[in-house]
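Chain by chain, the residues run as shown.
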Amino acid sequence: MSLKNLLTAFAIAATACCCNQQSTHPPDSEIPGRKWWKEAVVYQIYPRSFQDANGDGIGDLRGIISRLDYIRSLGIDVVWLNPIYSSPNDDNGYDISDYRNIMKDFGTMDDFDNLVSGMHRRGIKLVMDLVVNHSSDEHEWFKQSRSSRNSPYRNYYHWWNAERGKPPYRYSLFDVNHDAWRYDSGSKAYYLHYFSPKQPDLNWENPALRKEVFDIMKFWAEKGIDGFRLDAFQFVAKDTGFPQWPKGYEKNFNDYYSMGPHIHDYLKEMYKEVLSKYNVMSVAEGAGRNFADAHELVDSGRKELNMAYAFDAVDLGKPGGYSLLRFKQVFTRWDSAFAKEGWLSIFLANHDQARLVTRFGNDSPAFREISSKMLTTFILSMRGTPFYYNGDELGMTNPGFTRLEQFRDKATLNEYQHQKAIGTDMVQYLKNIEFSGRDNGRTPFQWDSSTNAGFSSGKSWIELNPDYKQINAAREENDSNSCLNYFRKMVRLRKENPVLVYGIYQLLDPANPDVYAYTRELNGKKWLVVLNFRNRVVTSNTGIDFSKARIMIDNYGHASLDGHLKPYEALLLELP
Ligand code: GLC
Ligand code: CA
């Protein structure tokens, strides 16, 4: 940390603590329902692209270890690590062949143990990805399962014997033909795969399978990890009679494939067997079909999960832009549905999405930094646990891949083949994936301006974003106004002010198509957030006179508080 940063950090700490002393309001310790996982800021690390320690062009655990001081310097509390288990990498680790071992590319179990202790020494918790809707087809279970109809592992997966004819259609997200049934000639049967054919779906109806999963979870919990992110969990439960879906709804993934029979029994069992026995947090990818589903997953009395993340908001970011009115509506509706009970996570980017600033801000040189800071202000000032993706703290952008050879993601490549086969305009299609393909968020972390951005001394597994000479951590470290240092300040502000975690959220100026404004209120403290989502000056009409408010943070560093907002201006104010 430079002296300047240290002084700024100290100044923020000093203000935060002096206003606590003056406060006549009830102490924050009296906030009901406080939990560490509600107050945490989660930083997501994509291990393949974070830091390569041995020069093979692939990020690894020793690489992450070498960057632990950087991670700590962010002020975040929790790291969510994408899968690091043994895997043939059909889907970058989301196809696991051994749940109790480390992927060769990433290192060894010793490296893992060192990583956990290095994090814990620095006060950082570790959340691991739990990928149990499916395994790899190279997992021993599946090898056994497919070997014979009489295998004791047969019922670990979903099989449909060929003499019954073709099974009722099921949609697959990653299959070239979007057909989730793959014929296996060895035992003359079809197996189910909602994702790629190398990711056969596990059969949760089988108690033996569930026990295996809980044992795996205990194995990692005993190693001292602090939580699980349940990958694609809303899809684990299936009606194993595999009824025909009504005509026209066969591909309705949201309504017909999620939240199947017994899912809550499985979660309650998981809670009883594992989650309740350790101090671990749990978060589900996907929040069901509607608010009621989401509540049933996360409400505290349910004894299931701590939180879930919904896709409604992140899905709004499209190549042609998005409607801020809709964006505000989505976040506001979710917030009010969970105002009294339940907890959610807040995110706008991860390893499956395009870059935050490209998709929701403006990545042109004139506005990249300012709009990226504005989005950081947003994510860290909403109610819900923020999940923040590595590289976004630097304002990393989409790399602008325009040639198919530049892409690595199997889902993208399979979909390309599919679109080609059905006669899609492939020039247009490439433009779409240039904007929204999953590889956009997977290019190597930009550490400095040296070869390969300091990520690797070898040829990296995926091309780097050529903008790394301008956008990198080393450069931002030395600039007190950088996105990186803004992120640190914002994290700190959230950590020190429970109003940003627990405060009641209220939308202001709802019909304003350019400005997102809201208050957060707790124990007599009222904070106002005003965000300009446009590249021009706009006015806000919050109905609150904030000319005398105290500026807690603002992304220009010279806010005028006269109701006019500069392009992508973000204000976070404490009201008198
Ligand atoms: C989740 C992961 C994604 C993966 C898929 C299948 O959506 O985030 O990366 O491809 O599940 O496991
Ligand atoms: Ca490596």
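Here the structure is shown first, and the text comes after it.
Everything numeric here is computed off the predicted structure, so don't read it as measured data.

Please give an account of the overall build of the protein chain that cites residues and values.
Of regular secondary structure, the protein chain possesses 18 helices and 20 strands. Here the C-alpha radius of gyration of the protein chain, 24 Å, is about what a compact globule of 576 residues would show, namely 25 Å. Counting every position in the protein chain, which comprises 576 residues, the buried fraction comes to 61%. For the protein chain, the share of sequence-separated contacts (at least 6 apart) that also reach a separation of at least 24 residues comes to 69%. Approximately 22400 Å² of the protein chain is accessible, and the part contributed by carbon and sulfur atoms is 50%.

If you had to explain the packing of helix α7 (residues 207–222) against helix α9 (residues 263–273) to someone new, which residues and values would you point to?
For the pair α7 and α9, the least separation of the axes is 10 Å and the interaxial angle reads 40 degrees. Judged on the interaxial angle alone, α9 and α7 are oblique. The chirality of how α7 crosses α9 is right-handed. Residue-level contacts link Arg210, Phe214, Met217 and Lys218 of α7 to Tyr266, Glu269, Met270 and Glu273 of α9. Here the residues of the contact of α7 with α9 sort into 4 nonpolar, no polar and 4 charged.

So what about the packing of aromatic side chains? Which residues, and what values?
One pass over the structure, following the stated rule, counts 58 aromatic pairs. Here the aromatic cluster, defined as three or more aromatic residues joined through ring pairs, consists of Tyr322, Phe327, Phe331, Phe360, Phe378, Tyr505, Tyr516, Tyr518 and Phe533. Sitting above the plane of the Tyr194 ring, Lys238 keeps its charged end 4.5 Å from the centroid.

Go over the site of ligand 1, please, and point to the residues and values.
In the vicinity of ligand 1, the contacting residues are Asp91, Tyr94, His134, Phe174, Phe195, Arg229, Asp231, Glu285, His351, Asp352, Arg438 and Arg442. At 2.5 Å, a side-chain N or O of Asp91 approaches an oxygen atom of ligand 1. In this structure, an oxygen atom belonging to ligand 1 sits 3.1 Å away from a side-chain N or O atom of Arg229. Split into classes, the residues belonging to the shell around ligand 1 amount to 3 nonpolar, 2 polar and 7 charged.

How would you explain the nonpolar core if you had to name every residue and give the values?
Ranked by internal contacts, the top residues of the largest apolar core, which has 150 residues, are Ile71, Phe112, Trp204, Phe327 and Tyr516. By size, the runner-up hydrophobic cluster in this structure holds 16 residues, among which are Phe174, Trp181, Tyr190 and Phe253.

Talk me through the side chain of Ser172; I want residue IDs and the actual numbers.
When you line up the elements, Ser172 lands in the loop between β6 (159–161) and β7 (181–184). For Ser172, a relative accessible area of 0% corresponds to the buried category. Within the structure, Ser172 has its side chain in polar contact with the backbone nitrogen of Phe174 (distance 3.5 Å). If near-sequence neighbours (up to four positions away) are discounted, Ser172 is found in contact with His178, Asp179, Ala180, His193, Tyr194 and Phe195.

What counts, and where the lines are drawn
Residues numbered from 1 in each chain as written. Chains lettered and ligands numbered in written order. Predicted model: local features only at pLDDT ≥ 70, side-chain atom pairs only at ≥ 80, totals over all residues. Heavy atoms only, no water. Helix = DSSP H or I, 4+ residues; strand = E, 2+ residues; numbered from the N terminus. Rg over C-alpha atoms; globule rule 2.2 N^0.38 Å. Buried < 20%, exposed > 50% of the residue type's maximum accessible area, 1.4 Å probe, protein only. Contact = heavy atoms within 4.5 Å. Areas by Shrake-Rupley, 256 points an atom, 1.4 Å probe, with all protein chains shown as cover. Axes fitted to C-alpha atoms, helices over the stretch in contact; angles between N-to-C directions. Parallel < 35°, antiparallel > 145°, perpendicular 65-115°, else oblique. Left-handed = near helix turned anticlockwise from the far one by under 90°. Nonpolar A, V, L, I, M, F, W, Y, C, P; charged D, E, K, R; others polar. Phe/Tyr/Trp six-rings, centres within 6.5 Å; stacked < 30°, edge-to-face > 60°. Lys NZ or Arg CZ within 6 Å of the ring centre and 35° of its normal. Near = heavy atom within 4 Å. Polar contact = N/O pair within 3.5 Å; in protein donor to acceptor, adjacent residues only side chain to side chain. Core = buried A, V, L, I, M, F, W, Y, C linked by side-chain atoms within 4.5 Å.

Keep in mind these numbers describe shape, not what the thing actually does.
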